[in-house]
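Tertiary structure, described
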Amino acid sequence: MTTPAAQYLALADTGRNAWWRYLLGITCIAAGWLIAGGLLYGWMLQAALFGQVTEFVAINVSILTLAAGAILVVSLLHRRSWRTLITPHPHVDWRRIMQGAAVWVVLAVVCAFIENLIYPGRYVWSLDWQRWLPFVVAALLLTPLQCAAEEMVFRGYLVQALGRRLRHPAALAVLSSAAFTLPHLYNPEVAVYGVAIMAANYFGMGLFLASAALRDGRLELAIGAHAGNNLLLALFIHYADSVFETESVFTAGALDPVYSLVTLILSALLFHIWVFRRQAHTDMNQMFSAAELAQFARDGYVIVRGLVPAADCARMRTAAERDLAAAAPPLEYEADTRYPGAPQTREAPGGRTVRRLLQAYARDAVFREWATAARLVTRLRQLLGPRIALSQAHHNCVMTKDPAYSSLTSWHRDIRYWSFQRPELVSVWLALGEERVENGCLLLLPGTHAMAFDAVRLDAAQFLRTDVAENAALLATEVSAELAPGDVLFFHCRLFHAAGHNRSDRTKFSVVFTYHASDNSPLPGSRSAGLPDVVL
């Protein structure tokens, strides 16, 4: 099974990824930092625009050129999104960053408290409000950006570059940590406490951050832990001879590099236990049970009740009702379906009744959030494999069924008009309101995803014929997929399904997305290849 580390490293396989581009990219990032960063640092020191925090601002701003270089190189040289330096998902997870910072700060504060008990008087109260407050503002604004810049280069670009040739996470963590150590050897504390012990501290910190990033398959935890560590050292527990000369609440007269290294190792182990054991428990709650997997394999579908909270359903329904009222394109009308009972043309009565709000993924952020939600993606990986993609060419819509002009849908399999290497796709149907037989809920024929059908049992459009004796027993197994708001139906692309008229007095809304394994590509030139997939 593909690991999170492998998924993160695979991001480097996208875009333009020849080896010479990475060599040129690393050279450009390093040169930009040394030249542009050096010039910015010198200019800001001379200008002294920021008073007593000028040097702190100058150092941090010079480091931000690392991020600028990485973003430009990835965007222009590799032709892929800068977010691929951080995450394989469509959005940066800010809560994950905060989690990394909070856990690491708690561990670091506990270690400092124990140190003070072992060595009384090592920490001295040094708070000077007038001098401290400007540093608080500067640190809160710049330190997270400075840490993110280092992570994007050392645990992001460099790890992905090395991963093009070397996929073993441990080796990548060691090599990137060695690279992380080198520039830090110019810090002033190295001359005071010795190269070997300080190099061990820097290497240990780099190893911890790299292991967290690779184990999580994304950078947010490492960014958060790095930022939490640096903010704590800058503002609350400072020591003499630090690279950042700041005001802090407590000051240690000297750094104890041995104690620092020992507590770093222990804190890193506790961080992994704390974060990833909790994550494993969370992931278990986001997975299909063995019984649900068995049902999907047997019947070709499974329903998860109450998977989506009411508030999320309400947000999606509001967006759908807004776009339906405005007839916001792209749309499919009832007349376009040519289904039984549908208006013959768009100009006929009810012909411009909307059947589908197309391109839901690109239509609104609320639909993208659901399409990429962990509680959905984790389950889909159980069905399709570790690397999956959302098809933007099929479904990817809000299904709307109007009470007045809704047509019925005859028995069909979605794969009849899809073109993929393998007929192995899963559609996910989310009910935004009540779905019952009277308002046209889906009807299913369990087990048909695993059956073969002779041509005589299907019509010319590959719909299941209801007028032949061979299908009578099968049609008698019909199941109504009645859903409450927030219920989700997962069904196989080969499963026969149908839907009736909406005989209620309200429009029915359902959000539908279709997914496939990343290696199950759409056939070139087909409708299925008409829009790019979203790799998850």
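This text goes with the structure placed above it.
All values derive from a computational prediction rather than experimental measurement. (Residues numbered from 1 in each chain as written. Predicted model: local features only at pLDDT ≥ 70, side-chain atom pairs only at ≥ 80, totals over all residues. Heavy atoms only, no water.)

What about the side chain of serine 526?
Relative to the elements of secondary structure, serine 526 occurs in the loop between strand S15 (508-517) and strand S16 (534-535). From its side chain, serine 526 meets the backbone oxygen of leucine 523 in a polar contact 2.6 Å long. (Helix = DSSP H or I, 4+ residues; strand = E, 2+ residues; numbered from the N terminus. Polar contact = N/O pair within 3.5 Å; in protein donor to acceptor, adjacent residues only side chain to side chain.)

Some points on the sheet that holds strand S3 (residues 250-252)
Taken in spatial order, the three strands make up an open sheet running S1-S3-S2, and their pairing is mixed. In this open sheet, the two edge strands, each paired with only one partner strand, are strand S1 (123-125) and strand S2 (237-239). Strand-to-strand twist across the sheet, computed as the mean angle between neighbouring axes with direction ignored, equals 35 degrees. Direction of pairing for S1 relative to S3: antiparallel, over a ladder of three bridges. Across the sheet, valine 124 pairs through a bridge with threonine 251, a residue of S3. (Pairing = 2+ DSSP bridges. Axes fitted to C-alpha atoms, helices over the stretch in contact; angles between N-to-C directions.)

Considerations on the state of the cysteines
By the definition in use, this model includes zero disulfides. The cysteine cysteine 313 is free of any disulfide, with cysteine 397 supplying the nearest cysteine sulfur at 16 Å. Residue classification places cysteine 313 among the buried positions, given a relative accessible area of 4%. (Disulfide = S-S within 2.5 Å. Buried < 20%, exposed > 50% of the residue type's maximum accessible area, 1.4 Å probe, protein only.)

Let's talk about the side chain of aspartate 414
Along the polypeptide, aspartate 414 turns up in the loop between strand S9 (409-412) and strand S10 (425-431). This buried residue, aspartate 414, is left without a salt bridge; arginine 416 holds the nearest opposite charge, at 6.0 Å. Apart from residues lying up to four places away in sequence, aspartate 414 is in contact with His395, Ser427, Phe491, Cys493 and His497. (Lys, Arg positive; Asp, Glu negative; His and termini not counted. Salt bridge = Lys/Arg side-chain N within 4 Å of Asp/Glu carboxyl O. Contact = heavy atoms within 4.5 Å.)

A few points about the pairing of strand S4 (residues 301-304)
If a strand is regular, its side chains alternate between the two faces of the sheet. Judged by which residues are buried, S4 turns out to be covered on both faces: Tyr301 and Ile303 on one side and Val302 and Val304 on the other are all buried. The sheet contact formed by S4 and strand S13 (residues 488-492) spans four bridges and is antiparallel. Paired with tyrosine 301 across the bridge in S13 is phenylalanine 491.

A short note on the pattern of salt bridges
Under the definition given, this model contains 22 salt bridges. With its nearest N and O atoms 3.1 Å apart, the salt bridge here joins arginine 317 to glutamate 321. Here arginine 317 and its partner glutamate 321 are both found in helix H12 (residues 310-326), four residues apart, which amounts to about one turn of the helix. Accessibility expressed as a relative area gives 35% for glutamate 321, which makes it partly exposed. A salt bridge links arginine 322 to aspartate 364; the nearest nitrogen and oxygen atoms lie 3.1 Å apart. Placement of the pair is arginine 322 in helix H12 and aspartate 364 in the loop between helix H14 (360-363) and helix H15 (365-371), with a sequence separation of 42 residues. Residues participating in the shared-partner salt-bridge network are Asp312, Arg315, Glu369 and Arg375.

Some remarks on the nonpolar core
Of all hydrophobic cores here, the largest spans 63 residues; its most connected members are Trp104, Phe208, Leu235 and Phe271. Elements with a minimum of two residues in this core: helix H2 (19-47), helix H3 (54-77), helix H4 (94-118), helix H5 (129-163), helix H8 (195-216), helix H9 (220-235) and helix H10 (257-285). Take this core: its biggest share by element is 14 residues, from H5. Leaving out residues up to four positions away in the same chain, leucine 235 has contacts with Trp132, Phe135, Val136, Ala139, Glu247, Ser248 and Val249. Core analysis: the second largest hydrophobic core is formed by 40 residues, Ala319, Ala320, Trp370 and Leu536 among them. (Core = buried A, V, L, I, M, F, W, Y, C linked by side-chain atoms within 4.5 Å.)

Thoughts on unusual backbone geometry
At the junction of proline 329 and proline 330, the peptide bond is cis and its omega measures out at 0 degrees in the coordinates. Summarising the element assignment, proline 330 is placed in the loop between H12 and strand S5 (331-333). The backbone of arginine 79 shows a phi angle near 60 degrees, a positive value even though the residue is not glycine. Considering the arrangement of structural elements, one finds arginine 79 in the loop between H3 and H4. For alanine 327, which is not glycine, the phi torsion reads 50 degrees and is therefore positive. Position of alanine 327 relative to the elements: it lies in the loop between H12 and S5. Overall, the relative accessible area of 35% leaves alanine 327 in the partly exposed class.

Topic: the environment of leucine 445
Of note, leucine 445 is situated in the loop between strand S11 (442-444) and helix H17 (472-475). Here leucine 445 falls in the buried class, since its relative accessible area comes to 0%. It is 25 Å that separates the C-alpha atoms of leucine 445 and glutamate 334, two residues lying 111 residues apart in sequence. Ignoring any residue separated from it by four or fewer positions in sequence, one finds leucine 445 in contact with Trp411, Leu464, Leu474, Leu475, Thr477, Glu478, Leu495 and Phe496.

Here's the deal with the packing of aromatic side chains
Under the defined criterion, the tally for this structure stands at 13 aromatic pairs. A ring pair is formed by tryptophan 132 and phenylalanine 236, whose centres lie 6.0 Å apart and whose planes are at 70 degrees; its orientation type is edge-to-face. Taken together, the positions of tryptophan 132 in helix H5 and phenylalanine 236 in the loop between H9 and S2 put the pair 104 residues apart, joining distant regions of the chain. The exposure class assigned to phenylalanine 236 is partly exposed, which follows from its relative accessible area of 38%. For the pair phenylalanine 453 and phenylalanine 496, a centre-to-centre distance of 5.0 Å together with 70 degrees between the ring planes defines the contact as edge-to-face. In this pair, phenylalanine 453 sits in the loop between S11 and H17 while phenylalanine 496 sits in the loop between S13 and strand S14 (497-499), placing the two residues 43 residues apart along the sequence. Taken together, the aromatic side chains of Trp104, Phe208 and Phe271 make up a single cluster linked through ring pairs. Seen from the ring of tyrosine 119, arginine 122 lies directly overhead, with NZ or CZ sitting 3.9 Å from the centre. The side chain of arginine 155 reaches across the aromatic face of phenylalanine 180, ending 4.3 Å from its centre. (Phe/Tyr/Trp six-rings, centres within 6.5 Å; stacked < 30°, edge-to-face > 60°. Lys NZ or Arg CZ within 6 Å of the ring centre and 35° of its normal.)

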